[in-house]
Amino acid sequence: MFHQKLVPFSKNFLWGSASAAYQVEGAWNEDGKGLSVWDNFVQKPGTTFKNSNGNVAVDHYHRFKEDVALMAEQGLKAYRFSISWSRILPNGKGTINQKGLDFYNELIDELLKYDIEPIVTIYHWDLPQALQDEYNGWESREIIEDFTAYAKILFDAFSDRVRHWVSLNEQNVFIMHGYMLGSHPPAVQNLKRMYEANHIANLANASVIKAFREGGYPGKIGPSFAYTPSYPVDCHPENIIANENMADYSAHFWMDVYVYGRYPKVMLTTLEKMGIAPTILPTDTDLLKQGTPDFMGLNYYQSVTIASNPLDGVSFSGKANYSGEKGTTQEAGMPGLFKMVSNPYLEKTNWDWTIDPNGLRVCLRRISSRYNLPVLITENGLGEFDTLEDGKIHDNERINYLHSHCLAIQEAITDGVEVIGYCTWSFTDLLSWLNGYQKRYGFVYVDRDENSEKELKRYKKDSFYWYQQVIKSNGQSL
Ligand code: BGP
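- Where an unreviewed UniProt entry is consulted, the protein chain appears under the name Aryl-phospho-beta-D-glucosidase, with the organism given as Enterococcus rivorum.
- The UniProt entry for the protein chain carries the following text under Sequence similarities (unreviewed entry): "Belongs to the glycosyl hydrolase 1 family."

Next comes the structure, spelled out in structure tokens:
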């Protein structure tokens, strides 16, 4: 593209950072909290890296004041966190646990004390176990009503202070891991069940957005989507079609439903031919169209590169890298549709994720042009090993990663994309669902590992100070 002068970040740009309840809070069975599917899942040996769990996590439940003080010191403008459904409703529905509401009220007030805007995620994967037991969670349409009732409790309690709400976090990830890969609860491997559950999640998402509008609550709401943009490996016609398959399969299949209330035609036809298309009732389309978002939440980590994959080609059954041993990811794809291959132009992390700031610009431009929505970047960051030495952590790779991605955002803004804010993943180090505590993302190092909680002491990494400058200068220091 022609060289152009970069447009500055707007003065109310939300420089933020993010977390999720299960990954930071701990206090898994305190103050009346009910069990979530994750509390349950991690008890089974072999499900997570070194059997790590979030029972204590980084103890944010008890240390949130210390964590918020660090956010204030950094100058954060926004903090995105999620609410644990089973802390509010121990059985997923019915009686409210007042202590759960109290915790989030205090957290929100503490943030506002320092002018940090709370961005609230309603659902970040920790479904109440009671609903899984009662009706199989996302596989039953009963969840639509229960999820909506839960969200309304949050709107009533917090919308006087919360301006941005995230409905479902990464529906594509929790559904694919939960029902295809079997690596998240409920650990099912069945494509038909996956597409049914996914459709119900779409309806639940729309129902919550509709309830938000009908309730006349102030503020904006949208889902967070894990967008992994794809590029064809070359211009061979078969690879071009494979990449079209991938784009429909991994991106439009979710975002088109959020925004237009319908599935991409080609993808739906493919699923129908395979006998695994979801059951779409005539009234579903109305609901989907009534619950469209105000913004697209974007979680971006990496891009993928695509080639054709024969019918007897690779599937998603190969080994994934949850250990940080570089190069251990096996090729994966959907037979007959596409497969992911290496991109010779991009570096990779120790967990084999590509480092591609340009991919973030691509996501922002595509969302803006295809959906005509503003974008709130709800996650982006580098998961790496960090070393604590004399109380310091020199995480230059993280600084380089974030720096290049911030510049890509500015380029996208210059291209015409409306970007509301940028939440890095994550503020403190936290539990990575399948990768334990050694895959770190934070600006703040938390001294614990899979074997010991130690004292959970917090240390500011070099990236903490780097982001402090970025925020202070509103991006001019980039
Ligand atoms: C997203 C999730 C986050 C977080 C992040 C990093 O998919 O929304 O909760 O975990 O990815 O992923 P990982 O922990 O697997 O490295």
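Read on, since the account is not over.
## Quick notes on the overall build of the protein chain
For step 1, the next point in the chain: Along the backbone of the protein chain there are 15 helices and 14 strands.
For step 2, the next point in the chain: Against the globule reference of 23 Å for 478 residues, the protein chain gives a C-alpha radius of gyration of 21 Å, in line with a compact fold.
For step 3, the next point in the chain: If you line up the protein chain on its principal axes, its C-alpha atoms span 55 × 55 × 45 Å.
For step 4, the next point in the chain: Taking all 478 residues of the protein chain together, the buried fraction comes to 60%.
For step 5, the next point in the chain: Taking as baseline every contact in the protein chain between residues at least 6 positions apart, the subset at least 24 positions apart corresponds to 77%.

## Details of the site of the ligand
For step 1, the next point in the chain: Around the ligand, 15 residues are found, and the nearest of them are Gln23, Glu170, Ser432, Lys439 and Tyr441.
For step 2, the next point in the chain: One of the side-chain N or O atoms of glutamate 170 is found 2.4 Å from an oxygen atom in the ligand.
For step 3, the next point in the chain: Within the complex, the protein chains bury 90% of what would otherwise be the 380 Å² of accessible surface of the ligand.
For step 4, the next point in the chain: Split into classes, the residues belonging to the shell around the ligand amount to six nonpolar, six polar and three charged.

## Re the side chain of arginine 361
For step 1, the next point in the chain: Note on placement: arginine 361 falls in helix α13 (residues 357-371).
For step 2, the next point in the chain: Among the residues examined, arginine 361 registers a relative accessible area of 13% and is labelled buried.
For step 3, the next point in the chain: A distance of 2.8 Å separates the side chain of arginine 361 from the side chain of aspartate 415, its partner in a polar contact.

## Details of the side chain of glutamine 129
For step 1, the next point in the chain: Residue position: glutamine 129 is located in helix α6 (residues 129-135).
For step 2, the next point in the chain: Overall, the relative accessible area of 11% leaves glutamine 129 in the buried class.
For step 3, the next point in the chain: At 2.8 Å, the side chain of glutamine 129 and the side chain of aspartate 133 are in polar contact.
For step 4, the next point in the chain: When near neighbours in sequence (up to four residues on either side) are disregarded, glutamine 129 contacts Leu35, Ser36, Val37 and Asn40.

## Quick notes on the pattern of salt bridges
For step 1, the next point in the chain: Enumeration according to the criterion identifies 30 salt bridges in this entry.
For step 2, the next point in the chain: Linking glutamate 110 and lysine 113 is a salt bridge whose minimum nitrogen-to-oxygen distance equals 3.2 Å. Remark: lysine 113 and glutamate 110 occur in helix α5 (residues 98-113); sequence separation between them is three residues, near one turn of the helix.
For step 3, the next point in the chain: Of the residues examined, glutamate 110 reaches a relative accessible area of 8% and is grouped as buried.
For step 4, the next point in the chain: A single salt-bridge network, built from bridges that share partners, covers Asp386, Asp395, Arg398, Asp429, Arg440 and Lys461.

## As for the environment of leucine 89
For step 1, the next point in the chain: Of note, leucine 89 is situated in the loop between α4 (85-88) and α5.
For step 2, the next point in the chain: On the accessibility criterion, leucine 89 (2% relative accessible area) is buried.
For step 3, the next point in the chain: As a C-alpha pair, leucine 89 and valine 56 span 33 residues in sequence and 20 Å in three-dimensional space.
For step 4, the next point in the chain: Residue contacts for leucine 89: discarding those within four places in its chain leaves Gly94, Thr95, Ile96, Pro128, Tyr150 and Ile153.

## A look at the UniProt feature "active site" (unreviewed entry) in the protein chain
For step 1, the next point in the chain: As recorded in UniProt, the feature "active site" (unreviewed entry) lies at Glu379.
For step 2, the next point in the chain: Mapped onto the elements of the fold, glutamate 379 is located in strand β11 (residues 375-379).
For step 3, the next point in the chain: Setting aside residues up to four positions removed in sequence, glutamate 379 forms contacts with Arg80, His124, Asn169, Glu170, Leu298, Asn299, Tyr300, Tyr301, Cys423 and Trp425.

## Side note on the sheet that holds strand β10 (residues 338-341)
For step 1, the next point in the chain: Taken in spatial order, the four strands make up an open sheet running β6-β8-β10-β9, and their pairing is mixed. Each of the sheet's edge strands pairs with one partner strand only, and the pair in question is β6 (230-232) and β9 (333-334).
For step 2, the next point in the chain: Pairing analysis gives three bridges linking β6 to strand β8 (residues 304-307), with the strands arranged parallel. Paired with proline 232 across the two strands is isoleucine 306, which belongs to β8.

## Remarks on the pairing of strand β2 (residues 78-82)
For step 1, the next point in the chain: In terms of burial, β2 is largely enclosed, as five of its five residues are buried.
For step 2, the next point in the chain: Residues Ala78, Arg80 and Ser82 point to one face of β2 and Tyr79 and Phe81 to the other, with burial holding for every one of them.
For step 3, the next point in the chain: Bridging between strand β1 (residues 14-18) and β2 involves three bridges; their strand directions are parallel. Residue pairing across strands places glycine 16 opposite alanine 78, the latter belonging to β2.
For step 4, the next point in the chain: Examined bridge by bridge, β2 and strand β3 (residues 117-123) share five bridges and lie parallel to one another. What sits directly across from arginine 80, in β3, is isoleucine 119.

## Describing the sheet that holds β2
For step 1, the next point in the chain: Strand order in the closed barrel formed by eight strands is β1-β2-β3-β4-β5-β7-β11-β12, and the pairing between neighbours is parallel. Sheet twist, expressed as the average angle between the axes of neighbouring strands with direction ignored, equals 25°.
For step 2, the next point in the chain: Alignment of β1 against strand β12 (residues 419-425), held across five bridges, turns out to be parallel. Paired with alanine 18 across the two strands is tryptophan 425, which belongs to β12.
For step 3, the next point in the chain: Docked against the sheet, helix α10 (residues 237-260) engages β5 (220-226) and β7 (296-299), running at close to 170° with respect to β5.
For step 4, the next point in the chain: Where α13 meets the sheet, its contacts fall on β7, β11 and β12, and the angle it forms with β7 comes to roughly 160°.

Parameters at a glance
Residues numbered from 1 in each chain as written. Predicted model: local features only at pLDDT ≥ 70, side-chain atom pairs only at ≥ 80, totals over all residues. Heavy atoms only, no water. UniProt positions renumbered as here; feature names shortened; annotations may be inferred. Helix = DSSP H or I, 4+ residues; strand = E, 2+ residues; numbered from the N terminus. Rg over C-alpha atoms; globule rule 2.2 N^0.38 Å. Buried < 20%, exposed > 50% of the residue type's maximum accessible area, 1.4 Å probe, protein only. Contact = heavy atoms within 4.5 Å. Near = heavy atom within 4 Å. Polar contact = N/O pair within 3.5 Å; in protein donor to acceptor, adjacent residues only side chain to side chain. Areas by Shrake-Rupley, 256 points an atom, 1.4 Å probe, with all protein chains shown as cover. Nonpolar A, V, L, I, M, F, W, Y, C, P; charged D, E, K, R; others polar. Salt bridge = Lys/Arg side-chain N within 4 Å of Asp/Glu carboxyl O. Pairing = 2+ DSSP bridges. Axes fitted to C-alpha atoms, helices over the stretch in contact; angles between N-to-C directions.

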